[in-house]
Amino acid sequence: MSLTVAVQMDPIQTIKIAGDSTFALLLEAERRGHRLLHYGPERMSMRDGRVTARVEELRVRDQEGNHATLGEPFRMDLAEADVVLMRQDPPFDIAYITASHLLERIHPKTLVVNDPASVRNAPEKIFVTHFPQLMPPTLISRDKAEIEEFRQEHGAVVMKPLHGHGGAAVIRIMPDDPNFGSVFDLFSVTFREPWVIQRFLPRITEGDKRIVLVEGEPLGAVNRVPAVNDLRSNMVRGGAANATELTEREREICATIGPELRARGLIFVGIDVIDGNLTEINVTSPTGIRAIRRLGGPDIAASIWDAIEGRLGRS
């Protein structure tokens, strides 16, 4: 049965379809005959308790430079959709939080993926701390004395913004690093919230594994290897994507967190694992499914739609 699917995302004209997970979801939805509607979070409104958006009919095709056709905008009550995909990219800021509050008004009558309250309550670098036994030693703070003590205990560390994304502002601080004071000052004036400080994992040079879970079950993975002279493995920062299999430790990590993901309505999740250490649980706009498919892995977009249709009783 055809579903009406509203997709809250960044402008579809600007995406790079070769690696875009949202686009993979749209292609699969169109293949199944679902009706697609496109809008950005800036086009949402709430009046007298009704949540609306200026949407456009959307058709998609897997052709670079000719990947989308949009109709004329019209106002729609989002409660009339069967599904809303909340897929705009971070930053996870007040605008993002506000969008989650608006979508919470229509969920679960309209199924929002992922559950907007759970997304709001699971910031990716904080939610992961629910599982300290799976993580490297981690401090969340902006207190210089606390950070100094952590550095003395663990030596080389990585500092990164708590609500950063895409590898932005991830910096390695070495023991007795003369740049620490300058980095601390820079973070102090740039980020109002605390920061994440983690013990540096030297085997990052072998890769940062992105594992995609659907309904709490691991379905595929890609190993992202940093470019030469770069700490960061994110593909948007030049990291190379390689085919990979899950280790026993990684399956243990997935088995530990899976029940909590299902309980929170987090259908589509991407986790990051370095040398057997869980570093992030990505719930806002996870990526990786096109790279996994391109490297010979499973069709995770199809599995996500199977899960969505199953939740709606349409499978």
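Data block above holds the structure.
So, here's what we can say about the structure. (Residues numbered from 1 in each chain as written. Predicted model: local features only at pLDDT ≥ 70, side-chain atom pairs only at ≥ 80, totals over all residues. Heavy atoms only, no water.)

On to empty space enclosed by the protein, then. Summed over the entire model, instances satisfying the criterion amount to two cavities of 30 Å³ or more. If you add up the space inside the largest cavity, you get close to 80 Å³. Residue lining of the largest cavity: Pro90, Phe92, Pro123, Glu124, Lys125, Leu162, His163, Gly164, His165 and Thr284, and that is the complete set. Taken together, the residues of the lining of the largest cavity sort by class into four nonpolar, four polar and two charged. Lining the second largest cavity are Leu25, Leu85, Met86, Arg87, Val113, Asn114, Phe268, Val283, Thr284 and Pro286. Residues that form the lining of the second largest cavity fall into these classes: seven nonpolar, two polar and one charged. (1 Å grid on protein atoms, 1.4 Å probe; cavity = no way out; pocket = protein on both sides within 12 Å on 5 of 7 lines; lining within 4 Å. Points joined across faces, edges and corners; volume = space filled by probe spheres on them. Nonpolar A, V, L, I, M, F, W, Y, C, P; charged D, E, K, R; others polar.)

The element helix H1 (residues 21-31) is extensively covered by neighbouring structure, given that nine of its eleven residues are classed as buried. When we look at burial in H1, the residues that qualify are Ser21, Thr22, Phe23, Ala24, Leu25, Leu26, Glu28, Ala29 and Glu30. Its side-chain oxygen placed 3.0 Å from the backbone nitrogen of Thr22, Asp20 serves as the N-cap of H1. In the stretch just after H1, Gly33 is the one whose phi turns positive, near 85°. (Buried < 20%, exposed > 50% of the residue type's maximum accessible area, 1.4 Å probe, protein only. Helix = DSSP H or I, 4+ residues; strand = E, 2+ residues; numbered from the N terminus. Polar contact = N/O pair within 3.5 Å; in protein donor to acceptor, adjacent residues only side chain to side chain.)

Our focus in this paragraph is the packing of aromatic side chains. Taken as a whole and judged by the stated rule, the model has six aromatic pairs. Geometrically, the ring pair formed by Phe184 and Trp195 is edge-to-face, given 5.3 Å between the ring centres and 80° between the ring planes. In this pair, Phe184 sits in helix H6 (residues 180-190) while Trp195 sits in strand E12 (residues 195-199), placing the two residues eleven residues apart along the sequence. A centroid spacing of 5.5 Å and a plane angle of 90° characterise the contact between Phe187 and Trp195, whose relative ring orientation is edge-to-face. Exposure class is identical for Phe187 and Trp195. Each is buried. By way of ring pairs, the aromatic residues Phe180, Phe184, Phe187, Phe191 and Trp195 are connected into one cluster. Across from the ring centre of Phe200, 4.8 Å away, lies the NZ or CZ of Arg172, which sits over that ring. (Phe/Tyr/Trp six-rings, centres within 6.5 Å; stacked < 30°, edge-to-face > 60°. Lys NZ or Arg CZ within 6 Å of the ring centre and 35° of its normal.)

Summarising the element assignment, Asp93 is placed in the loop between strand E7 (83-86) and helix H2 (94-104). C-alpha of Asp93 to C-alpha of Arg120: the two residues are 27 residues apart in sequence and 10.0 Å apart in space. Among the polar contacts made by the side chain of Asp93, one reaches the main-chain amide nitrogen of Ala95 at a distance of 3.2 Å.

Looking now at the side chain of Gln8. Here Gln8 is to be found in strand E1 (residues 4-8). Those residues within four positions of Gln8 in sequence are excluded, and the remaining contacts are Tyr39, Pro41, Met44, Leu85, Met86, Arg87, Gln88, Ala99 and Leu103. (Contact = heavy atoms within 4.5 Å.)

All right, on to the packing of H1 against helix H9 (residues 300-311) then. For the pair H1 and H9, the least separation of the axes is 9 Å and the interaxial angle reads 65°. The two elements H1 and H9 cross, and the hand of that crossing is right-handed. In this structure, H1 contributes Ala24, Leu25, Glu28 and Ala29 to the contact, and H9 contributes Ala301, Ala302, Ile304 and Trp305. Class assignment for the residues of the contact of H1 with H9 results in seven nonpolar, no polar and one charged. (Axes fitted to C-alpha atoms, helices over the stretch in contact; angles between N-to-C directions. Left-handed = near helix turned anticlockwise from the far one by under 90°.)

Attention shifts here to the sheet that holds strand E15 (residues 240-243). Whether parallel or antiparallel, the strands of a sheet pair through hydrogen bonds between backbone atoms. Taken in spatial order, the five strands make up an open sheet running E15-E14-E13-E16-E17, and their pairing is antiparallel. Edge strands, defined here as strands with exactly one partner in the open sheet, are E15 and strand E17 (277-282). Adjacent strand axes in the sheet meet at a mean angle of 30° when their direction is disregarded. Judged from the five bridges that link them, strand E16 (residues 268-274) and E17 form a sheet pairing that is antiparallel. For Ile274, the partnering residue across the bridge sits in E17 and is Asn277. Against the sheet, H9 makes contact with strand E13 (208-214), strand E14 (217-225) and E16, and its axis sits at roughly 35° relative to E13, the strand it touches most. (Pairing = 2+ DSSP bridges.)

Before going further, it helps to examine unusual backbone geometry. Residue Pro108 is bonded to the preceding His107 through a cis peptide linkage, with omega at 10°. If you trace the backbone, Pro108 turns up in the loop between H2 and strand E8 (111-113). A positive phi is found at Asp275, a non-glycine position, where the angle reads about 50°. Within the secondary structure layout, Asp275 lies in the loop between E16 and E17. Under the relative-accessibility criterion, Asp275 is labelled partly exposed at 41%.

As a further point, take the sheet that holds strand E9 (residues 138-141). Here we have four strands laid out as an open sheet, ordered E9-E12-E10-E11, and antiparallel in their pairing. If you trace the sheet from one side to the other, it starts and ends with E9 and strand E11 (171-173), each paired once. On average, adjacent strands in this sheet sit at an angle of 25° to one another, irrespective of strand direction. Strand direction decides the pairing type here: strand E10 (residues 157-161) and E11, joined by three bridges, are antiparallel. Residue pairing in the sheet places Val158 in a bridge with Arg172 of E11. In the packing of H6 onto the sheet, contacts are made with E10, E11 and E12, and the angle to E10 comes to roughly 20°.

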